[in-house]
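Inside the fold
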Amino acid sequence: MSEAAGVAREAGTGAPAPGANEIQLRIRGMHCASCVRTVEGALETADGVGEASVSLVEEVAQVRLLQPAVDMESLVGAVEEAGYGAEVLAGTEEVLEASRERDEEREAERAALMKRFRVGVACGLPVVVIGHWEMIPGLPVLAESVRGAAGWLSGLLTLPILFYTGRGFFTGAWTATRRRSANMDTLVALGTGAAWLYSTVAVAAPHLFPEGSARPFYEAVAVIITLVVLGQAIEARARGRTARALRSLYDLSPETADRVTEHGVETVRVADVAPGDTLLVRPGAKVPLDGRVREGESEVDESMITGESEPVAKSPGDVVVGGTINATGALTVETTRVGADTVLARIIQLVQRAQGTKPPIQRTVDVIAGYFVPAVILVSMVTFCVWVLAGPEPRINFAVVTAVAVLVIACPCALGLATPISVMIAIGKAAAHGVLIRDGEALQRARRVDTVILDKTGTLTLGRPSVAFAGASADTSGSDLLEVAASVEEASEHPAARAIVWYAGERGVRWSRAKHFVAHPGRGASASVGGRKVLVGSPSFAREAGVDLGPVGSYLGRAREEGATPVVVVTDGVVARYNINKIPSRPN
C-alpha cells in the first residue's frame, strides 16, 4: 500500500491537502449520460471554473476552480438553470452524509420502481395476451366485434402503464424538451407515446388505414415501459452497491473517542475533538485521530497504512495514525490532526478524487452520448420514411414498429453507465484491499503493464501471520509445547498469538485457561498455566528473563534465514522452539 504511505508522508510534512482548489457538488435529477454532459456544460460555463467532471453513478460533480474565491451560489444556480438540483459538499463529513443519503434515496427509488414494475406486469400481461391471441395454441378465433372490444380494453389497460409505471419517462422528456435537450427519457417517451397514439387511432378509426392493416400495438407499449422500469430498478440497486467499498474506508475511523478532561474521561464524537485534546485509547480499540503518545506502551496494528501485519511498538513520543488498531496496552494520545488533515481523511480524499476522474475512454463515451439521442431520433425518422415509401404492406404498421424499435432499443442507459460503474467498482474494491489508484487514466493505462515492482513484503501477502513450523526441545513434547503456548496466547490480541492459537486448534490440541496473564508490548506475554510460569515471545524477551537459548540457537538462526519470526516458549525456565512466518504469501 505504498500510495497510502505516500499520503502519510505528505501529511507529516504539513503540505496542503490535495485538491485545494477543488470542490464537490451533489447533483440531483440525472438519469443518463446526456444529463452528465448537460451538467458539465453548465458548470464549465460558470465564472471561475476550469473543469468539471460529473459522476452519474455517485451523482457528484468534481469542479476544479481557477481561483479560490468563487461564488458557490453561482455554481449551484448554473446547475439549477440547467434543470437539475445541486448543493455544495464542504468536507469529508458532508460527503459521507451525502453518500448515506444517496443510499437511502436509491433504496426508496428502487422500491418505488419495483412497485411500478408490478403494476406494469399486472396490467401488461392481459394486453400481451390480447395482442398475441392468435399466436397462443388452443385459443378460439375471435370475432371482429370481439377483437374491437379487446382493442379498447388493451388501450384502457395501458393507461395505468403510461401514466403510472412510465410517468417518469414523460415528465423527464418534457423537462429535457424545455431545456432544449434530449435524453433517454426522450427516446422512451417518443417511442411508446407514438406507438400508443398509433394504436388508439387504429382502434378508434380503422377506416383510415388500408384494409387489414389497422392493427394496434398496445402490447409493445406495455412490454417496453415495464421492462425499462425493471432495468432502472436493477440499475438503482447496482449504483447503490458501487460506493460501499469506499465507505468501508470511512468505517476504519471510529465515530466516538474517549477524551481525557480534568473531570475524568468523557465519550465524545470524533468530529468534536480539537487539536491538543488528550484521548484515551483502550486495548483493542481504534485510534480515533492522528496524534502523539503521551503515556503508556502498546503495540499498534498499522497494516491499514503500511500493509505490514506485524504490530508496531508504541511508547511516549511516538506518532499514531487515526484508524489503526491498538493491541495490548492503554495509550494516552495527544491529538495533532483532525478532520480533513488526518492521514485517513487524505486517503479517502484521494480515492474520492480517483472515482470522480474519468479515464479517456469514459470522456469519449460522454461526448458520444451527448450527440447520441439526437442521432437516434434522426435515424428513427429516416427508418419510418423508408418503410413508408419502400416497405411491404402494411407499410404504415411496419413503419411505426421499426421506428419505435429504433427509439427504444437505442436508449443510452448502458452507454452512460457501463464505464463509470466499472471504474467506480474497480477503484472502490482496490481501495478496500489496500490498493489506491490515483485516477481513472492510470486505471485504463494499467492494461498495458507488463512488469510490476513491489517495494515491501506486505504487498504480496495475506496481511496476517501463520505458523511455518513448530518443534520442541529435547525435554519438551510437541503437544505440550502447543498446549502451553495456546493457553497463554489465547488471551492476547497480537496477530502472532492468533496464528499460534489457530495452529494449535487445527491440530486438535486442547488447552486450558491461563492465569495472571500479562502482555509485554513489543516483546511477548507471560502467564501461569497449570502452576507453571510460562513466557511466550521474542528471543530477546527470553534473554531478559535470564533464559539460556543455547539449546535452540541453531533453530533460531534457521528461522531468520528463512525469513520467519522466531517465537520461543519458556516453561519454568526451560526453553522450547516455536516459529511463525512473519507475513505469509498463502494460507496454511
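Structural data are supplied above this passage.
Reference entry: report on the structure contained in this document. What you are looking at is a predicted structure, and each value in this text was computed from that prediction instead of being measured.

Conventions we followed
- Residues numbered from 1 in each chain as written.
- Predicted model: local features only at pLDDT ≥ 70, side-chain atom pairs only at ≥ 80, totals over all residues.
- Heavy atoms only, no water.
- Helix = DSSP H or I, 4+ residues; strand = E, 2+ residues; numbered from the N terminus.
- Buried < 20%, exposed > 50% of the residue type's maximum accessible area, 1.4 Å probe, protein only.
- Contact = heavy atoms within 4.5 Å.
- Pairing = 2+ DSSP bridges.
- Expected span 1.5 Å × (residues − 1).
- Phe/Tyr/Trp six-rings, centres within 6.5 Å; stacked < 30°, edge-to-face > 60°.
- Patch = residues over 30% accessible without salt bridge, like charges linked within 9 Å, V, L, I, M, F, W, Y side chains within 5 Å.
- Areas by Shrake-Rupley, 256 points an atom, 1.4 Å probe, with all protein chains shown as cover.
- Salt bridge = Lys/Arg side-chain N within 4 Å of Asp/Glu carboxyl O.

Some words on the overall build of the protein
Looking only at helices and strands, the protein has 19 helices and 19 strands in total. Relative to its full complement of 588 residues, the protein shows a buried share of 46%. In the protein, once contacts between residues fewer than 6 apart in sequence are set aside, the share between residues at least 24 apart is 68%.

Considerations on the sheet that holds strand S12 (residues 325-326)
Pairing is antiparallel in the open sheet, where three strands are placed in the order S10-S9-S12. Two strands lie at the open edges of the sheet, namely strand S10 (312-314) and S12, each paired on one side alone. For strand S9 (residues 298-301) and S10, the ladder comprises three bridges, and the chain directions are antiparallel. Each residue of the ladder has a partner; that of Ser298, found in S10, is Lys314.

What to know about helix H7 (residues 184-204)
The terminal C-alpha atoms of H7, which comprises 21 residues, lie 30 Å apart, in line with the 30 Å expected from a rise of 1.5 Å per residue. The element H7 is largely enclosed, with a buried count of 16 among its 21 residues.

So, the packing of aromatic side chains
Here the structure, examined in full by the defined rule, presents two aromatic pairs. Considering the side-chain rings of Tyr198 and Phe217, the 5.8 Å spacing of their centres and the 25° angle between planes classify their relative orientation as stacked. Placement of Tyr198 in helix H7 and of Phe217 in the loop between H7 and helix H8 (218-242) is noted, with a sequence separation of 19 residues between them. Like Phe217, Tyr198 is buried.

Quick word on the pairing of S9
Sheet topology note: the S9/S12 ladder contains two bridges and is antiparallel. Residue pairing across strands places Val300 opposite Asn326, the latter belonging to S12.

Points about a nonpolar patch on the surface
On the surface, a nonpolar cluster with roughly 270 Å² of combined accessible area is contributed by Leu378, Val382 and Val386. In this fold, Val382 is placed in helix H12 (residues 360-390). Val382 gets classed as partly exposed once you look at its relative accessible area, which sits at 45%.

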